[in-house]
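The primary structure of each chain is shown beneath.
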Amino acid sequence: MNIKSIAIAVILGSVGGAAISSLLIKNQQHEFEARLIKSPPIVVVDFAKMAMKYPEGASSIELEGLMMKTNEAVIKLREAGYLVIDAGAVVSAPEDVYLPEDFIK
């Protein structure tokens, strides 16, 4: 074999390998994007933090009303297609998936 044949074989092998790799990566990317489309959006609710914001000395009726507002907000989110997760069950999450405090008012 001469050097020219070896160089051609290396070039063809590299181009072929790159083309196959590109196709496999595009296929995996497409599968990932399809799975993301099927996944519901997520919102994390910090119930403990919300409970700490309840006014001190509030009556049980006032506290029950605040809890009902929180539950209604969770139901609205669920009906809108969100997966609602309690922050107590979350190890780590980006700040933008947490339910804003002003959402429940």
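Residues numbered from 1 in each chain as written. Predicted model: local features only at pLDDT ≥ 70, side-chain atom pairs only at ≥ 80, totals over all residues. Heavy atoms only, no water.

A. Structural view of the overall build of the protein chain. Helices and strands together make up the secondary structure of the protein chain, namely 3 helices and 2 strands. Counted from the first residue to the last, the protein chain has its helices and strands arranged as α-β-α-α-β. Over its C-alpha atoms the protein chain spans a radius of gyration of 27 Å, topping by over 25% the 13 Å that the globule rule assigns to 105 residues. Viewed in the frame of its principal axes, the protein chain has a C-alpha envelope of about 90 × 25 × 20 Å. When the 105 residues of the protein chain are sorted by exposure, 13% land in the buried category. Once local pairs closer than 6 in sequence are excluded, the contacts in the protein chain between residues at least 24 apart make up 77%. Here the protein chain holds 10 positive side-chain charges and 13 negative ones, and the gap between their average locations is 12 Å. (Helix = DSSP H or I, 4+ residues; strand = E, 2+ residues; numbered from the N terminus. Rg over C-alpha atoms; globule rule 2.2 N^0.38 Å. Buried < 20%, exposed > 50% of the residue type's maximum accessible area, 1.4 Å probe, protein only. Contact = heavy atoms within 4.5 Å. Lys, Arg positive; Asp, Glu negative; His and termini not counted. Charge placed at Lys NZ, Arg CZ, Asp CG, Glu CD.)

B. Region of interest: the nonpolar core. Ranked by size, the top nonpolar core spans 7 residues in total: Val43, Val45, Met50, Ala73, Leu77, Leu99 and Ile104. Setting aside residues up to four positions removed in sequence, Val43 forms contacts with Leu77, Tyr82, Leu83, Val84, Ile85, Val97, Tyr98 and Leu99. (Core = buried A, V, L, I, M, F, W, Y, C linked by side-chain atoms within 4.5 Å.)

C. Summary view of the environment of Arg35. Locating Arg35 in the fold gives a position in helix α1 (residues 3–38). Since its relative accessible area comes to 57%, Arg35 is described here as exposed. Between the C-alpha atom of Arg35 and that of Gly57, which follows or precedes it by 22 residues, the distance is 48 Å.

D. Just the layout of surface pockets, in detail. Empty space within the largest pocket amounts to approximately 370 Å³. Surrounding the largest pocket, 18 residues form its lining, Lys49, Met50, Lys53, Glu101 and Ile104 being those nearest its centre. The set of elements that each furnish at least two residues to the lining of the largest pocket consists of β1 (42–45), α2 (47–53) and α3 (60–79). Here the lining of the largest pocket is built from residues that sort into 10 nonpolar, 1 polar and 7 charged. (1 Å grid on protein atoms, 1.4 Å probe; cavity = no way out; pocket = protein on both sides within 12 Å on 5 of 7 lines; lining within 4 Å. Points joined across faces, edges and corners; volume = space filled by probe spheres on them. Nonpolar A, V, L, I, M, F, W, Y, C, P; charged D, E, K, R; others polar.)

E. View of the side chain of Thr70. Inspection of the secondary structure puts Thr70 in helix α3. The exposure class assigned to Thr70 is buried, which follows from its relative accessible area of 4%. Discounting residues that sit within four places of it in the chain, Thr70 has contacts with Phe47, Met50, Tyr54 and Ile104.

F. Examining α3 more closely. End to end, α3 covers 28 Å across 20 residues, agreeing with the expected 28 Å (1.5 Å per residue, within 8%). Buried-residue contacts for α3 involve β1, α2 and β2 (83–86). Phi turns positive one or two residues past the end of α3, at Gly81, with a value near 100°. (Expected span 1.5 Å × (residues − 1).)

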